[in-house]
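# Structural overview for review
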Amino acid sequence: PGAVRPARLAAWCDAPLRLARVFFNVLVSPVMLAVLAGIAANGCCGGRVPLPLQQFVEFCGEAYTSTALLTVGTSLRLGSSPTPSIDGASSLVGVALVAAKVFVAPFAMYHAVGLLTGYDQTAVNFGFVYGCMPPAPTVYVWARQYGVATDLVGRLLVAALLVATPFIVITGVMIDLGQARGDAEAARGLVDGAVATIDALALASCAWLA
């Protein structure tokens, strides 16, 4: 027992150090440094960033999502051999997380926004569509930086994107149909456009799986 107490004491003392190390790594990460640099530049320029600098950072911002998704795609192991770091339990947890994000989060956002706004139609529609959005690729960036379940996170991001995209299209069409009530021609055009979009996504997914 006497040897156990120093070990427990050392563990208690080491926990704050590890927590501080995690916060420090977050602060010095490229994502946080970019945010801090943008705040500093905005403050130094008095809220009026020079046009060349503004155009440059806007270009970088537009390229971030596509670059992160490209990183996710190139990191996937598409061979026939299973990924060692993904077992049955991890796959089950991943499926549950994707289902919760794509199907549960929209309804939770809908009612949360509705309770705050008295169920204003525009606000709840925005909350529902916002909840349908797939997870941001920043999740993979953090997972890769810390080396935590990168294979699983990459696959979950791709799965969530493939599942959420048709759901977003259908949701948008339903909202537009509500606004185009009484206009049969506009409603027919919306349905045709939605069907064409979903067909194109289905063909692309089948070609990718083949």
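Since the model is a prediction, treat every value here as computed from it, not as a measurement.

Regarding its fold elements, the protein chain presents eight helices and zero strands. Put simply, the protein chain has 210 residues, and 19% of those count as buried. Taking contacts inside the protein chain between residues at least 6 apart in sequence as the whole, the part at least 24 apart equals 67%. As displayed, the protein chain has an accessible area near 14,400 Å², and 71% of this comes from carbon and sulfur atoms.

Time to look at the packing of helix α4 (residues 88-117) against helix α5 (residues 121-132). Relative orientation of the contacting elements α4 and α5 amounts to 155°, with a least axis distance of 7 Å. Here α4 lies roughly antiparallel to α5, going by the angle between them. The chirality of how α4 crosses α5 is right-handed. Counted together, Lys101, Ala105, Pro106, Phe107, Met109, Tyr110, Val113, Gly114 and Thr117 of α4 and Ala123, Val124, Gly127, Phe128, Tyr130, Gly131 and Cys132 of α5 form the full contact between these two elements. A per-class count over the contact of α4 with α5 returns eleven nonpolar, four polar and one charged.

By size, the foremost hydrophobic cluster in this structure holds nine residues: Val98, Val102, Phe128, Cys132, Leu152, Leu156, Ala160, Ala164 and Phe167. No other element matches helix α7 (residues 150-179), which puts five residues into this core.

With 15 residues, helix α2 (residues 30-44) should cover 21 Å at 1.5 Å per step; its first-to-last C-alpha distance of 21 Å lies within 8% of that length. Of the residues one or two after α2, Gly46 is the one with positive phi, at around 65°.

Applying the stated criterion to the full structure yields zero disulfides. Free of any disulfide, Cys44 has its nearest neighbouring cysteine sulfur in Cys45, separated by 6.5 Å. For Cys44, a relative accessible area of 72% puts it in the exposed group. Among the residues examined, Cys45 registers a relative accessible area of 29% and is labelled partly exposed.

Right, let's get into a nonpolar patch on the surface. Together, Phe24, Leu27, Val28, Leu33, Val35, Leu36 and Ile39 line one region of the surface with nonpolar side chains, adding up to about 640 Å² of accessible area. Counting residues per element, the nonpolar patch draws most heavily on α2, at four residues. Judged by its relative accessible area of 38%, Val28 falls in the partly exposed class.

Moving on to the packing of helix α3 (residues 51-75) against helix α6 (residues 138-146). Where α3 contacts α6, the axes come no closer than 9 Å and their chain directions differ by 55°. Classed by the angle they form, the pair α3 and α6 counts as oblique. Between α3 and α6 the crossing geometry is left-handed. Judged by residue contacts, Tyr64, Thr71, Val72 and Ser75 of α3 engage Thr138, Tyr140, Val141 and Arg144 from α6. Class assignment of the residues belonging to the contact of α3 with α6 gives a composition of four nonpolar, three polar and one charged.

Rules used in this analysis
- For every chain, the first residue of the written sequence is number 1, and numbering continues from 1 along that sequence.
- In keeping with the predicted nature of the model, local features appear solely for residues at pLDDT of at least 70, side-chain atom pairs appear and are counted solely at 80 or more, and the whole-chain, interface and lining totals rest on all residues.
- The side-chain numbers reported here are obtained from all heavy atoms of the structure, hydrogens and water having been left aside.
- Helix and strand definitions follow DSSP, with helices as H or I runs of at least four residues and strands as E runs of at least two, each counted in order from the N terminus.
- Relative accessibility decides the category of a residue: with a 1.4 Å probe and only protein chains considered, values under 20% of the type maximum give buried, values over 50% give exposed, and everything between is partly exposed.
- Contacts are residue-level and defined by heavy atoms, with any inter-residue pair within 4.5 Å sufficient.
- The accessible surface values rely on the Shrake-Rupley method and a 1.4 Å probe; as for residues, cover is taken only from the protein chains in view.
- Axis definition: a line fitted to C-alpha atoms, over the contacting stretch in the case of helices. Angles run 0 to 180 degrees between N-to-C directions.
- Any angle that falls under 35 degrees is termed roughly parallel, while one over 145 is termed roughly antiparallel, one within 65 to 115 roughly perpendicular, and all others oblique.
- Note: crossing handedness is left-handed where the near helix turns anticlockwise from the far helix by less than a right angle, and right-handed where it turns clockwise.
- Residues were grouped as follows: Ala, Val, Leu, Ile, Met, Phe, Trp, Tyr, Cys and Pro as nonpolar; Asp, Glu, Lys and Arg as charged; and all remaining residues, including Gly, as polar.
- Residues belong to one nonpolar core when they are buried, are Ala, Val, Leu, Ile, Met, Phe, Trp, Tyr or Cys, and are joined through side-chain atoms within 4.5 Å.
- Here, expected helix span is obtained from the residue count minus one, scaled by 1.5 Å.
- For the purposes of this analysis, a disulfide is any pair of cysteine sulfur atoms at a distance within 2.5 Å.
- A residue counts toward a patch only above 30% relative accessible area and without a salt bridge, and it is joined to like-charged neighbours within 9 Å or, for Val, Leu, Ile, Met, Phe, Trp and Tyr, to nonpolar neighbours within 5 Å.
- Put simply, a salt bridge is a Lys or Arg side-chain nitrogen that is within 4 Å of an Asp or Glu carboxyl oxygen.

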